[in-house]
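Architecture and fold: a report
Each chain, written out:
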Amino acid sequence: MAARHLLRTPLAATALVLAAGLTFTACSSGGGSDEAGGDGPVTVTFAASTFGDPGLGPRLKSLVDTYNSSQTAVKIEPAAVPFPTFGQTVLTQMGGGEGPDLVRFDMPEFTAAADAGLLEQLDEQVDTAGLQLQPGPDQYMKIDGKRYGIVFDTSNYVMYYNIDLVKTPPKTFDEFMATAKKTTKGDVYGLAFRQTQAEENGVWQDIFNYVYGFGGAWSDGTNLTLNKAENVKGLEAYQSLYDAGVIPKGADAATFRKMFAQNKVGMELNNGGYLVATRGTNPDLKFSVAPIPFPVRAQGAIMAPIVINTNSEHKDQAADFIEWVLKSENQTALQEALGASSVATVTQRSAKQLEETPFLPVYDGLTNSSAPQIVLGFGPKTADIRKIVVTQVIAALQGQQTMAQAMDKAQDEASKIVG
Amino acid sequence: MAHADLVAPRPRRGALGSRWTPYVFLLPAAAYIVVFQAVPLLQEIYLSFTRTNLLNPTRSTWVGLDNYARIFASAHFRQTLLTTLVYVLACVVGAVGAVGSGLVVALLLNSSFPGRGIARALVTVPWAAPGIATALIATWMLNAQYGVLTRALRAVGVDVGESGVLDNPRLALAAVLVTTVWQLFPFVAVVLLSALQAVPAELVEAARMDGAGSGWVFRAVTWPVIRPTVGLIALLMTIWSLRRFELIWLMTRGGPLGRTRTLVIDLYSQAFDSKQLGAAAAVGMVGIVIALVVVAGSRAVARAAERTA
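Not measured: the values here are computed from a predicted model.

1. A few points about the pairing of strand β8 (residues 265–271) of chain A
All names here are of chain A. Burial within β8 is extensive, with 7 of its 7 residues counted as buried. The pairing of strand β6 (residues 150–162) with β8 spans 5 bridges and is classified as antiparallel. The partner of methionine 159 across the bridge, within β8, is leucine 269. Sheet analysis places strand β7 (residues 189–192) next to β8, joined by 3 bridges and oriented parallel. Looking at the pairing, tyrosine 189 lines up with valine 265 of β8.

2. Side note on the domain arrangement of chain A
All names here are of chain A. Segmentation of chain A into domains returns domain 1 (42–154 + 302–371) and domain 2 (162–300 + 376–418). The C-alpha-based centres of domain 1 and domain 2 are spaced at 27 Å. Every element with two or more residues in the side of domain 1 that touches domain 2 is listed here: α5 (107–115), α15 (360–364) and β11 (370–372). Classifying every residue of the side of domain 1 that touches domain 2 gives 11 nonpolar, 6 polar and 1 charged.

3. Things to note about the nonpolar core
Among the nonpolar cores identified, the biggest contains 179 residues, and Ala113, Ile150, Ala192 and Val393 of chain A are the most heavily contacted of them. Looking at this core element by element, the count peaks at 13 residues for helix α9 (residues 172–197) of chain B. Discounting residues that sit within four places of it in the chain, alanine 113 of chain A has contacts with Leu91, Met94, Phe105, Leu118 and Leu119 of chain A together with Leu55 of chain B.

4. Remarks on helix α10 (residues 253–261) of chain A
The periodicity of an α-helix, 3.6 residues per turn, causes residues three or four places apart in sequence to face the same way. Residue and element names in this part refer to chain A. Looking only at α10, the buried set comprises Phe256, Arg257, Met259 and Phe260. For α10, the arc enclosing every buried residue in end-on projection is 155 degrees, short of the 170-degree limit, so these residues lie on one face. In the core, the buried residues of α10 are packed alongside β6, β7 and β8. At the C-terminal side of α10, asparagine 263 shows a positive phi close to 60 degrees.

5. Brief notes about the confidence of the model for chain B
Residue and element names in this part refer to chain B. Within chain B, residue pLDDT values average 86, and 93% of them lie at 70 or more. Element-level mean pLDDT values for chain B span from 54 in helix α1 (residues 3–6) up to 94 in helix α3 (residues 66–73). Across the predicted assembly, pTM comes out at 0.80 and ipTM at 0.74.

6. Notes on unusual backbone geometry
Trans is the common state for peptide bonds, and a negative phi is the common state for residues other than glycine. Residue and element names in this part refer to chain B. Between glycine 255 and the following residue, proline 256, the backbone shows a cis peptide bond with an omega angle of -10 degrees. Looking at the element boundaries, proline 256 is found in the loop between α12 (246–251) and α13 (263–273). Here arginine 253, not a glycine, exhibits a phi torsion of approximately 55 degrees, which is positive. Note that arginine 253 resides in the loop between α12 and α13. With 19 C-beta atoms packed within 10 Å, arginine 253 lands in the partly exposed category. Even without a glycine there, the phi angle at leucine 257 is positive, about 55 degrees. Structurally, leucine 257 is set in the loop between α12 and α13. Judged by the 18 C-beta atoms lying within 10 Å of it, leucine 257 is partly exposed.

7. Points about α5 of chain A
Residues and elements named next belong to chain A. Most of α5 is tucked away, with 8 of its 9 residues classed as buried. Within α5, the full set of buried residues consists of Met107, Pro108, Glu109, Phe110, Thr111, Ala112, Ala113 and Ala114. Looking at the packing, one finds that the buried side of α5 touches α4 (83–95), β4 (142–143), β10 (299–308), β11 and α16 (382–397). Glycine 117 sits one or two positions beyond α5 and adopts a positive phi of about 75 degrees.

8. Remarks on the environment of glycine 147 of chain B
Residues and elements named next belong to chain B. Mapped onto the secondary structure, glycine 147 falls in the loop between α7 (131–141) and α8 (148–155). Separated by 18 residues in sequence, glycine 147 and valine 165 place their C-alpha atoms 10.0 Å apart. Setting aside chain neighbours within four positions, we find glycine 147 in contact with Trp140, Met141, Leu142 and Gly164.

9. Focus: the domain arrangement of chain B
Split by domain assignment, chain B resolves into domain 1 (3–47) and domain 2 (74–308). Using only C-alpha atoms to locate each centre, domain 1 of chain B and domain 2 of chain B end up separated by 36 Å.

10. Some details on the packing of helix α3 (residues 56–70) of chain A against helix α13 (residues 328–338) of chain A
All names here are of chain A. Where α3 meets α13, the axes come as close as 9 Å, and the angle between the chain directions of the two elements is 165 degrees. Here α3 is positioned roughly antiparallel relative to α13, judged by the angle of their axes. Between α3 and α13 lies a crossing whose hand is right-handed. Every residue of α13 that contacts α3 at Leu56, Arg59, Leu60 and Leu63 is listed here: Ala333, Leu334, Ala337 and Leu338. A breakdown of the residues in the contact of α3 with α13 according to their chemical character gives 7 nonpolar, no polar and 1 charged.

11. A short note on the packing of helix α11 (residues 214–243) of chain B against helix α14 (residues 277–308) of chain B
Two packed helices can be described by the angle between their axes and the distance between those axes. All names here are of chain B. The geometry of α11 relative to α14 is characterised by a closest axis approach of 10 Å and an angle of 165 degrees between their N-to-C directions. One way to sum up the angle between α11 and α14 is to call them roughly antiparallel. In this structure, α11 crosses over α14, and the sense of that crossing is right-handed. Residues Arg227, Gly231, Leu235, Thr238, Ile239, Leu242 and Arg243 of α11 lie in contact with α14, whose contacting residues are Gly287, Ile290, Ala291, Val294, Val295, Ser298, Ala302 and Ala305. For the contact of α11 with α14, the per-class residue count stands at 9 nonpolar, 4 polar and 2 charged.

Scoring rules and cut-offs
Residues numbered from 1 in each chain as written. Chains lettered and ligands numbered in written order. Predicted model: local features only at pLDDT ≥ 70, side-chain atom pairs only at ≥ 80, totals over all residues. Buried ≥ 20, exposed ≤ 12 C-beta atoms within 10 Å, placed from the backbone. Helix = DSSP H or I, 4+ residues; strand = E, 2+ residues; numbered from the N terminus. Pairing = 2+ DSSP bridges. Domains from an automatic or database assignment. Nonpolar A, V, L, I, M, F, W, Y, C, P; charged D, E, K, R; others polar. Core = buried A, V, L, I, M, F, W, Y, C linked by C-beta atoms within 7 Å. Contact = placed C-beta atoms within 7 Å. Arc of directions from axis to C-beta. pLDDT = per-residue confidence, 0-100. Axes fitted to C-alpha atoms, helices over the stretch in contact; angles between N-to-C directions. Parallel < 35°, antiparallel > 145°, perpendicular 65-115°, else oblique. Left-handed = near helix turned anticlockwise from the far one by under 90°.

This is the structure we're talking about:
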């Protein structure tokens, strides 16, 4: 009877609609704030998704502890925000006038935050004179000639291969295809990459290597070039591997990385962060790395700048920490903590590190030929362009159109968005 | 009779007898509705007429109907709208099935048998499980490589494609829908069970004594009592289907090729991928209008049913 009454009462019906409507209400969440103790050290919050990484997190926190114990005026407080929601969480906080003092952003979020005026200009705040900054990654830290970030780490994409399955790493795309085919037997696959809409960001990261590796680019810095011939060629190479049946179709990254560790996947293109993660969970796995065997030595990189939130009340202290990180000995310590990633400055690997991981120079040798996985000149629009490109590429993979048609459509759609 | 005896005694005006007392009792609920529902809704309406970036929400620009014009001009949004309507319609059809089977289960649970308590508890498991867990389990079961359901479907000759059900544009929406109905089913059963328990036993007994069979007892005694509850369940399931987010997001993220991209997925994408709060609010308003239509339709149906009763 109560139900009948509910349906008959206009007020109750209105309340029901309001309750239903609430779901459609776009809302944002506030962020955390930092605190300065009265007499104690100033607390500066530093948000990075890598603080929550089981392999990297403790090493990075140890570096922060070293800084905290080196002086008494400032306490850096690490804040781990999970990677999948990192950008959304921190950017929403910053948009609301709050957020952490220091942030380790990925490039898409970095460009979006800089474009929205949420980042402190670092030209005056951080002295980079006399530092031997890595020129490749550092060029992306400036927007319209102004510096908004310092490279915290750069993780270049390489080809990982399972030594038990692939004895000799391929050096050309044809060899890559042949090796993948030769390795594929039963439930063992020669290669794995992401190819589902549910992993849109991952697909973008993967196809980035094919596009750049075949001489393409998403833009010339001023105009979109999504349907450039080289891009189509690279994506057709990606599709040829998909069609050849050498990958576990439908498998997400978590699945095929598990398969790699179980000797069921021979090769994978991935970044330096994968080294620490794989070693941590599969210490007995025999694998090595080689440059991606595509015609052009150009590949993607997870480039992560450290930035100062313009809402921060402790900008000077935050800048002091960045300058401390940039000191030679701390760069060495940071690079050692990061494993296969590069840091802001040219830094030598220790003999011990090279003995443990002899193939580290492969990663380092790619630092200046790597590009961040954004659409250059359209950084803040990368997420929108990514969605369009990935949707069209997947439609091509599923046989609904050719790759050339896919990229023509993507070019048209994306051009409307960027104006 | 004295005049004083004819006059009804004046209501007491003590602390609980004031004519303001009902309003005082209503105040918390009214305040809740205003603060947590009406204000955000009005804010959303305003937001939908502005160009507002997530990263600079305080610097919005009034653009009138521009957001609405843009989203309706977009072929993707039209597909999203179509997908939403298909999903909701399919959910309503699925809900009918769920209501039917929920009714059978509720009737079974309402009867007396050994282990009835355990059976009642077990039936509620899908509803009690968090939506995230349900979505993850469904995703694993439908995994293209090792999913048990994928293997079972392949074993019986269903062509799920090499990339599996969730990446198959023909099957993804159906997979999400089946998971949705599976999750909703216990709610239907439990609510119907409580409605069935409100059916007066003496009426049932009287009908039986008059020689009515089970079908007639259900039609003449049980159904009139539980009909409003069934109507409410159908309405709620429709609205919930319209606004369902986590299940779809976790299973497909709106893919493949936008086949499971409903309004709420589009709203999220506009707000947090494209960072366009104004456009997201406009998408939300479209959802609210659809919800209004559903509620109005449901009320009309309820009224018509009452007239015929």
